[in-house]
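These are the residues of each chain, in order.
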Amino acid sequence: MQERCYYDKMKDKVEIKIDGKELIVPSSATILDVANEIGIYIPTLCHNDALKPYASCRMCLVEIYTNGRKRIVTACNYKVENGLEVYTTTKEVEKLRKINIEILLAKAPDSKKIQDLAFKLGVSETRFKKEKGNSCILCGLCARICEEIVGASAINFYDRGNKRKIGPPFGEPSEDCIGCGMCAYVCPTNTIEIIEKDGKRIIEPWGKEVKMKKCEKCGNYFIPQPLANKLEKEFGLKDAFKYCPKCKNGKG
Ligand code: SF4
């Protein structure tokens with residue numbers, strides 16, 4: 001019966017089936033967790049293992065059966081339950097994923113990440129009108145990493161419906177931003193850009209400017225000052241950022 005059990009000492013476990021594989025898994029897992037663990041591919045775009053699931057891109061749609069009832073759900077935030085049956089590659093699921101990636105392709109036609117995923121799903125063009133300008137797909141990765149990992153909460157969603165946007169409160173550069181750049185790092189559409197010039201780091205499209213810290217030996221700017229302050233304070237790293245990494249390692 002049980003093909004695989006991926007935690008030895010599971011307290012709360014449930015029996016499920018994914019693509020015909022019978023499994024015993026922890027009840028705290030999501031369908032996506034289990035699929036990743038056993039090597040079944042489910043596409044994702046707004047998912048990051050380090051962050052809470054958000055289920056906005058709807059690329060991870062799967063077909064499930066519970067108590068004989070069929071539903072289409074997002075695998076990233078659907079918790080497993082006893083008797084759950086999951087099918088990851090049905091015709092309906094594949095069709096819906098293709099429509100979703102076409103919508104995202106229209107919103108962010110220049111995103112390499114979206115183009116690559118579309119290619120993987122067998123989509124080379126979108127039938128929807130390509131949007132120009134703002135390429136944000138509202139995946140929320142930037143705001144979630146800012147809140148959940150960096151602890152700054154400098155950006156968030158605001159407005160509703162088709163006016164919904166992401167950015168600092170009221171669209172004004174936020175005092176809470178420490179210029180770490182994690183938002184730009186996770187953005188799948190390159191909507192967020194980091195520019196460094198004249199001793200400043202500028203985060204676009206929000207026009208946030210933070211001062212960069214100068215190495216006391218070589219004089220190069222190497223870390224945003226507010227980020228250095230936060231790290232020194234939170235981790236007790238007094239004077240950790242006096243010198244740039246090169247000078248610190250004697251290679252400057
Ligand atoms: S700016 Fe980028 S990371 Fe943030 S919601 Fe838009 S697409 Fe996602």
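Remember, predicted model here, so these are calculated numbers, not experimental data.

Our focus in this paragraph is the overall build of the protein chain. Within the protein chain, the regular secondary structure consists of seven helices and twelve strands. On the principal axes, the C-alpha backbone points of the protein chain span a range of 65 × 50 × 35 Å. Here the protein chain, with 252 residues, has 30% of them falling under the buried criterion. Sequence-distant contacts, at least 24 apart, represent 51% of the contacts inside the protein chain between residues at least 6 apart.

Turning to the pairing of strand β4 (residues 61–66), a few remarks are in order. Bridge count between β4 and strand β5 (residues 69–74): six bridges; the pairing is antiparallel. Paired with Val62 across the bridge in β5 is Val73. Between β4 and β5, which follow one another and run antiparallel, lie two residues, and Asn67 among them has a positive phi close to 50°. With three bridges connecting them, β4 and strand β6 (residues 85–87) associate as antiparallel partners. Each bridged residue has a counterpart across the sheet, and for Tyr65 the counterpart in β6 is Glu85.

A few words now on the sheet that holds strand β10 (residues 200–204). With respect to topology, four strands assemble into an open sheet ordered β9-β10-β11-β12, the strand pairing being antiparallel. Looking at the sheet topology across the chains shown, the edges are occupied by β9 (193–197) and β12 (221–224). Strand-to-strand twist across the sheet, computed as the mean angle between neighbouring axes with direction ignored, equals 35°. As judged from the three bridges shared by strand β11 (residues 208–214) and β12, these two strands associate in the antiparallel manner. For Met212, the partnering residue across the bridge sits in β12 and is Pro224.

Turning our eyes to something else, we now look at the domain arrangement of the protein chain. Split into domains, the protein chain comes out as domain 1 (1–133) and domain 2 (141–248). Summarising the inter-unit geometry, the C-alpha centres of domain 1 and domain 2 are found 31 Å apart. Across the contact, eleven residues belong to domain 1 and nine residues belong to domain 2. A class-by-class count of the residues in the side of domain 1 that touches domain 2 yields seven nonpolar, two polar and two charged.

Considering the arrangement of structural elements, one finds Gly39 in the loop between α1 (31–38) and β4. Classification of Gly39 as exposed rests on a count of 6 C-beta atoms within 10 Å. With 141 residues separating them in the primary sequence, Gly39 and Cys180 have C-alpha atoms 34 Å apart.

Moving on: unusual backbone geometry. A cis amide bond links Glu204 to the next residue, Pro205, at an omega of 15°. Along the polypeptide, Pro205 turns up in the loop between β10 and β11. The phi dihedral of Asp19 is positive, around 45°, even though this residue is not glycine. Turning to its location among the elements, Asp19 is positioned in the loop between β2 (13–18) and β3 (21–26). The backbone of Phe170 sits at a positive phi, close to 60°, despite the residue not being glycine. Following the sequence through the fold, Phe170 ends up in the loop between β8 (165–167) and α5 (182–186).

Scoring rules and cut-offs
Residues numbered from 1 in each chain as written. Predicted model: local features only at pLDDT ≥ 70, side-chain atom pairs only at ≥ 80, totals over all residues. Helix = DSSP H or I, 4+ residues; strand = E, 2+ residues; numbered from the N terminus. Buried ≥ 20, exposed ≤ 12 C-beta atoms within 10 Å, placed from the backbone. Contact = placed C-beta atoms within 7 Å. Pairing = 2+ DSSP bridges. Axes fitted to C-alpha atoms, helices over the stretch in contact; angles between N-to-C directions. Domains from an automatic or database assignment. Nonpolar A, V, L, I, M, F, W, Y, C, P; charged D, E, K, R; others polar.

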